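Listed below are the residues making up each chain.
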Amino acid sequence: MKNSILLLFISIVFWSCSNKENKIENVERAFYYWKSSSYFDDESVKGINKLKVKKIYYKLFEVDYNESMGNFPYQKNSPNEYMFRNLDSLNIVPTVFIRNEIFQYNDERSLDKLADNIVFLIDKYHKESYYNSQEKVIFEYDEIQIDCDWTKSTKDKYFYLLKKIKELSKKQISCTLRLYPYKYPDIMGVPPVDKAMLMCYNLIKPLENKTKNSILDLDELKSYLNKRRSYPLHLDVALPVFYWTQWYQNDRFSGLLNINSADMKTFTKEVKPMWYEVTKDTSYSDKNYFRIGDQIKCEEVDSKKIMEAISIIKNNVELGKNTTISLFDLGESTFKKYSNAEISSFYSSFSK
């Protein structure tokens, strides 16, 4: 009888410990910067300094492939010396997005060249050249992050590329990690990097399910984070603080818009969660003309849903004592949507 009681007590203690939330001792506050402009607006500068954000994952360029050019960079975004001057002790992580499709056209030899070009271009962008051949360092960096939605069929080539970038750059290498490869490392492999950023958003393809929020659906998040797991790499965490809007005319998708629900109040009515119907012909920002009857799906994530997501993550993901929490992404609209107190709570909740 005593043995049974002892075993029961041990089981209860073990169960309690295994279901205890992670508590991070040191949260490094970060943002992603994914815009195609080489300046921070005034609201972003104020927000970064007030929130004591010390790290920015700055997208420098993306990599795609075509037959005439081979691998090529596009959407290049080189910062200038004025961009960071009003920011306090900011650590910049140059970030490169690589389209997964390129790997079907590349062998090891061409990936060697791609790695060399990536490292060269990052090095070029971290300093600025002047007419008298002098150079000025725009930002120092000790880490490079690679963003790619790799698949089972492309992982070997992608992992090879990561190794080459590490070898050539002599920097720390991190990569983004979607929830499927996080949950199934035996299928998807573990990338050969120093650490990974767990991307806890964009869980559903935007046009795949008209009733769900494709940016952050809590049921979908729970389906991946359904039990406590440890991952072979140090994990940081990324959460969404952005919105996007789908525009439909005659039940046909017309495009994505940079407009939120507050902007649409004067010419739409809400017909069901996330869905709005245009009630009068309206020209918006000289770019879009909405007609009566057009349907608009506005996907936003409020602070309550983000806090619920944080609780799910803390309960199910093994995190280190020192972890970076990054919000995607930085822009003037971020500080219009959320107060400084709300954004601060997204960071601080991980250490409570």
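Residues numbered from 1 in each chain as written. Predicted model: local features only at pLDDT ≥ 70, side-chain atom pairs only at ≥ 80, totals over all residues. Heavy atoms only, no water.

Enquirer: I keep staring at helix H10 (residues 340-348) and nothing clicks. Help me out?
Expert: One turn of an α-helix holds 3.6 residues; hence residues three or four places apart share an orientation. Burial in H10 covers these residues: Ile 343, Phe 346, Tyr 347 and Ser 348. Those residues of H10 that are buried are in contact with strand S1 (26-33), helix H2 (42-51), helix H8 (303-316), strand S18 (322-328) and helix H9 (332-337). (Buried < 20%, exposed > 50% of the residue type's maximum accessible area, 1.4 Å probe, protein only. Helix = DSSP H or I, 4+ residues; strand = E, 2+ residues; numbered from the N terminus. Contact = heavy atoms within 4.5 Å.)

Enquirer: Looking at this structure, I do not really get the nonpolar core. What am I missing?
Expert: A general trend in soluble globular proteins is that nonpolar side chains are found buried together. By size, the foremost hydrophobic cluster in this structure holds 97 residues, and its most contacted members are Phe 31, Phe 40, Ile 56, Phe 84, Ile 98, Leu 221 and Phe 350. The leading source of residues in this core is helix H3 (residues 108-125), at eight residues. Those residues in contact with Ile 56 that sit more than four places away from it in its chain are Phe 31, Tyr 33, Phe 40, Ile 48, Leu 90, Asn 91, Ile 92, Val 93 and Leu 330. Counting residues in hydrophobic clusters, the runner-up holds 10 residues, among them Ile 259, Phe 290, Ile 296 and Cys 298. (Core = buried A, V, L, I, M, F, W, Y, C linked by side-chain atoms within 4.5 Å.)

Enquirer: What is the right way to read the layout of surface pockets from this model?
Expert: Gaps left between atoms show up when a probe the size of a water molecule is rolled over them. Estimated volume of the largest pocket: approximately 1,700 Å³. Forming the walls of the largest pocket are 49 residues, and the residues nearest its centre are Tyr 201, Asn 202, Phe 242, Trp 244 and Phe 328. Elements supplying a minimum of two residues to the lining of the largest pocket: helix H5 (179-183), strand S12 (252-257) and H9. Of the residues forming the lining of the largest pocket, the biggest block, five residues, is contributed by H9. Considering only residue class, the lining of the largest pocket consists of 24 nonpolar, nine polar and 16 charged. Counted as a void, the second largest pocket has a volume near 230 Å³. (1 Å grid on protein atoms, 1.4 Å probe; cavity = no way out; pocket = protein on both sides within 12 Å on 5 of 7 lines; lining within 4 Å. Points joined across faces, edges and corners; volume = space filled by probe spheres on them. Nonpolar A, V, L, I, M, F, W, Y, C, P; charged D, E, K, R; others polar.)

Enquirer: It is not clear to me how the confidence of the model for the protein chain should be interpreted in this structure. Could you clarify?
Expert: One rule of thumb: low pLDDT means the predicted coordinates there are not for detailed reading. Residues with a pLDDT of 70 or more make up 92% of the protein chain, whose mean pLDDT is 91. Segment residues 1-19: pLDDT under 50, and three contacts once partners within four positions in sequence are set aside and those in other chains are kept. (pLDDT = per-residue confidence, 0-100.)

Enquirer: I tried to follow the pairing of strand S8 (residues 172-177) on my own but got confused; where do I start?
Expert: The side chains of a regular strand alternate, first on one face of the sheet and then on the other. Counting buried positions along S8 gives five out of six residues, so the element sits mostly inside the fold. Pairing of strand S7 (residues 143-147) with S8, which is carried by four bridges, proceeds in the parallel orientation. Counterpart to Ile 146 in the pairing with S8 is Cys 175. Read as a crossover between parallel neighbours, the route from S7 over helix H4 (residues 155-169) to S8 is right-handed. Two strands pair when backbone bridges link them, and S8 and strand S9 (residues 195-199) are joined in this way by four bridges, in the parallel orientation. Opposite Leu 177, over in S9, you have Leu 198 as the bridge partner. (Pairing = 2+ DSSP bridges. Right-handed = clockwise from strand over helix to strand, strands pointing away.)

Enquirer: Looking at this structure, how should I read H2?
Expert: Along H2, the positions that sit buried rather than exposed are Ser 44, Val 45, Gly 47, Ile 48 and Leu 51. The arc that holds every buried residue of H2, seen down its axis, measures 165 degrees, which confines them to one face. More than 90 degrees from the buried face of H2, the exposed residues found are Asp 42, Lys 46 and Lys 50. Buried residues along H2 sit in contact with S1, strand S2 (55-66), H9 and H10. For H2, the side-chain oxygen to backbone nitrogen distance between the N-cap and Glu 43 is 3.1 Å, and the N-cap itself is Asp 41. Remark: Lys 52 follows H2 within two positions and exhibits a positive phi of approximately 60 degrees. (Arc of directions from axis to C-beta. Polar contact = N/O pair within 3.5 Å; in protein donor to acceptor, adjacent residues only side chain to side chain.)

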